Amino acid sequence: MKFTASSADLLEALNTVKGAVPSKSTMPILECILFERDGDTLRLSATDLEISIIQTVPVQFEKNGTPESTPIAVPAQRLIDTLRALPDLPIEFAADSDFEIRMDTDQGHYKMVGHDGSDYPELPELEEQHEINVEGGLLGRSIDKTAFAVSQDALRPAMMGVYFQVSEEETSVVATDGHRLVKLTLPELRADTSADFIVPEKATKLAGRIVEDDEICTVRVDDSHVSFEFGESRVLARLIDETYPNYQSVIPDGNDRNLVVNREDMLNAVKRVGLYSSSMTNQIRLDITADTVTISAEDVERSSEAEETIHCDYDNEPMEIGFNSEYLTEVLSNVECDEVVFELSSPNRAGIVLPREGADDEDILMLIMPVMLNTYA
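About the thresholds
- Residues numbered from 1 in each chain as written.
- Predicted model: local features only at pLDDT ≥ 70, side-chain atom pairs only at ≥ 80, totals over all residues.
- Heavy atoms only, no water.
- UniProt positions renumbered as here; feature names shortened; annotations may be inferred.
- Axes fitted to C-alpha atoms, helices over the stretch in contact; angles between N-to-C directions.
- Helix = DSSP H or I, 4+ residues; strand = E, 2+ residues; numbered from the N terminus.
- Parallel < 35°, antiparallel > 145°, perpendicular 65-115°, else oblique.
- Left-handed = near helix turned anticlockwise from the far one by under 90°.
- Contact = heavy atoms within 4.5 Å.
- Nonpolar A, V, L, I, M, F, W, Y, C, P; charged D, E, K, R; others polar.
- Phe/Tyr/Trp six-rings, centres within 6.5 Å; stacked < 30°, edge-to-face > 60°.
- Buried < 20%, exposed > 50% of the residue type's maximum accessible area, 1.4 Å probe, protein only.
- Pairing = 2+ DSSP bridges.
- Patch = residues over 30% accessible without salt bridge, like charges linked within 9 Å, V, L, I, M, F, W, Y side chains within 5 Å.
- Areas by Shrake-Rupley, 256 points an atom, 1.4 Å probe, with all protein chains shown as cover.
- Salt bridge = Lys/Arg side-chain N within 4 Å of Asp/Glu carboxyl O.
- Lys, Arg positive; Asp, Glu negative; His and termini not counted.
- Charge placed at Lys NZ, Arg CZ, Asp CG, Glu CD.

In the annotation of an unreviewed UniProt entry, the entry for the protein reads Beta sliding clamp, and the organism field reads Salinibacter ruber. Heading Sequence similarities (unreviewed entry) of the UniProt record for the protein holds this comment: "Belongs to the beta sliding clamp family." If you open the UniProt record of the protein and go to Subcellular location (unreviewed entry), you find "Cytoplasm".

Structure follows, in structure tokens:
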């Protein structure tokens, strides 16, 4: 294999696929990126056996009698570090039959040893598929607004991914870790046939990082894998083969206490006061009256405390409720509006957070569980 390419273009493509390269593996070849000739383009592939990324990049292949292209696995980190240290200039890449790699530029040359590309694991091919076309910006937003709530608990594998419920009427994207829950409903995203599937968090974040707002992403799903295809890139992932919990059963429908606050004022106050909460519980207290919310926290071990008051609109009897400041910060950070509505019931029941005015093309609901305060323990 021998070709010439722009070092910047090659680096950009490598940065796309490196997300699937494991930092350490019992299979050294997985720490490489597979180079293959695909017509007049170079195809780059990487996998950790659960998630794979494929990217094509235009290059100029040599036709001066070099042997037919053979796939070669190139050590990822050394190659990327080399290209990062170079300015944008033409680079000539050549690999011989012994998988020795040489890169030449006007400034010097660099040599390393790769692996036989035929030993690289085969990437999955999807079989009977559900196919959904979605605008890149919509897919990116749906991932950004839900992935933060994915569980990190390996004992509950179903909750370690983002749950997609696709139907002929709408699509719901859900994530929960048991402490907070996000449900994003997209009425404009539909499919010819219904499909429910759980995508690992890492795969959703990789897809969300790569996709461009103005391009169309094709999502294909079969019984065991999902692929996100956009432009010259493709992200494949093994689905989480578990049953997602019945999240609808934990969404309360009798929360009749409505608290309306300015989102930014509330978010900033929670961030500041949360700095003074216990490092073990991150507990903050909300004392709610008709026109003010007092947010307070204390850390007995460090002899520290904080309190702030912000304006609100509240339509019920005064109440106190406790939340984890970090969870509440993340919930408020992922609502795009000037004002938010807290639908509350009692200090020991889940609260619902909604934008006061939602976007036309989506409907978002966030749920956050309270923490027990001494006053009602």
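Back to the write-up after that little detour.
Let us look at the packing of helix H1 (residues 7–17) against helix H2 (residues 76–84). Axes are the key here: two packed helices are described by the angle between their axes and the distance separating the axes. H2 packs onto H1 with a crossing angle of 140° between their chain directions and a minimal axis gap of 10 Å. Looking at the two axes, H1 sits oblique to H2. Handedness of the crossing formed by H1 with H2: left-handed. Here Ser7, Leu10, Leu11, Leu14 and Asn15 of H1 lie close against H2, whose contacting residues are Leu79, Ile80, Leu83 and Arg84. Broken down by class, the residue content of the contact of H1 with H2 amounts to 6 nonpolar, 2 polar and 1 charged.

Taking the numbering used here, the UniProt-annotated feature "domain: DNA polymerase III beta sliding clamp central" (unreviewed entry) corresponds to residues 136–246. Between the end C-alpha atoms of residues 136–246 there is a gap of 29 Å, over a span that is 17% helix and 39% strand.

Attention shifts here to the packing of aromatic side chains. All chains considered together, the criterion is met by 7 aromatic pairs. Where phenylalanine 3 meets phenylalanine 61, the ring centres are 5.9 Å apart and the plane angle is 70°; that geometry is what we call edge-to-face. With phenylalanine 3 in strand E1 (residues 2–6) and phenylalanine 61 in strand E5 (residues 60–61), the pair connects residues that are 58 residues apart, well separated along the chain. For the residue pair phenylalanine 3 and phenylalanine 61, the accessibility class agrees, reading buried in each case. With a centroid separation of 4.4 Å and an interplanar angle of 15°, the aromatic rings of tyrosine 163 and tyrosine 244 are classed as stacked. Of this pair, tyrosine 163 sits in strand E12 (residues 161–166) while tyrosine 244 sits in the loop between strand E18 (233–238) and strand E19 (257–262), and the two are 81 residues apart along the sequence.

As a further point, take the sheet that holds strand E7 (residues 90–95). If you walk across this open sheet you meet the 5 strands as E5-E1-E7-E8-E9, and the pairing is antiparallel. Both edges of this open sheet fall to E5 and strand E9 (109–113), since each of them pairs with a single strand only. Pairing between E7 and strand E8 (residues 100–104): 4 bridges, direction antiparallel. Bridge pairing in E8 places phenylalanine 93 opposite methionine 103. Contacting E7, E8 and E9, H2 runs over the sheet at an angle of about 170° to E9.

Our next topic: a negative patch on the surface. A cluster of acidic side chains, namely Asp9, Glu12, Asp88, Glu135, Glu188, Glu212, Asp213 and Asp214, defines a negative patch on the protein surface. For glutamate 12, the position within the fold is in helix H1. Look at glutamate 12 and you get exposed, because its relative accessible area is 54%.

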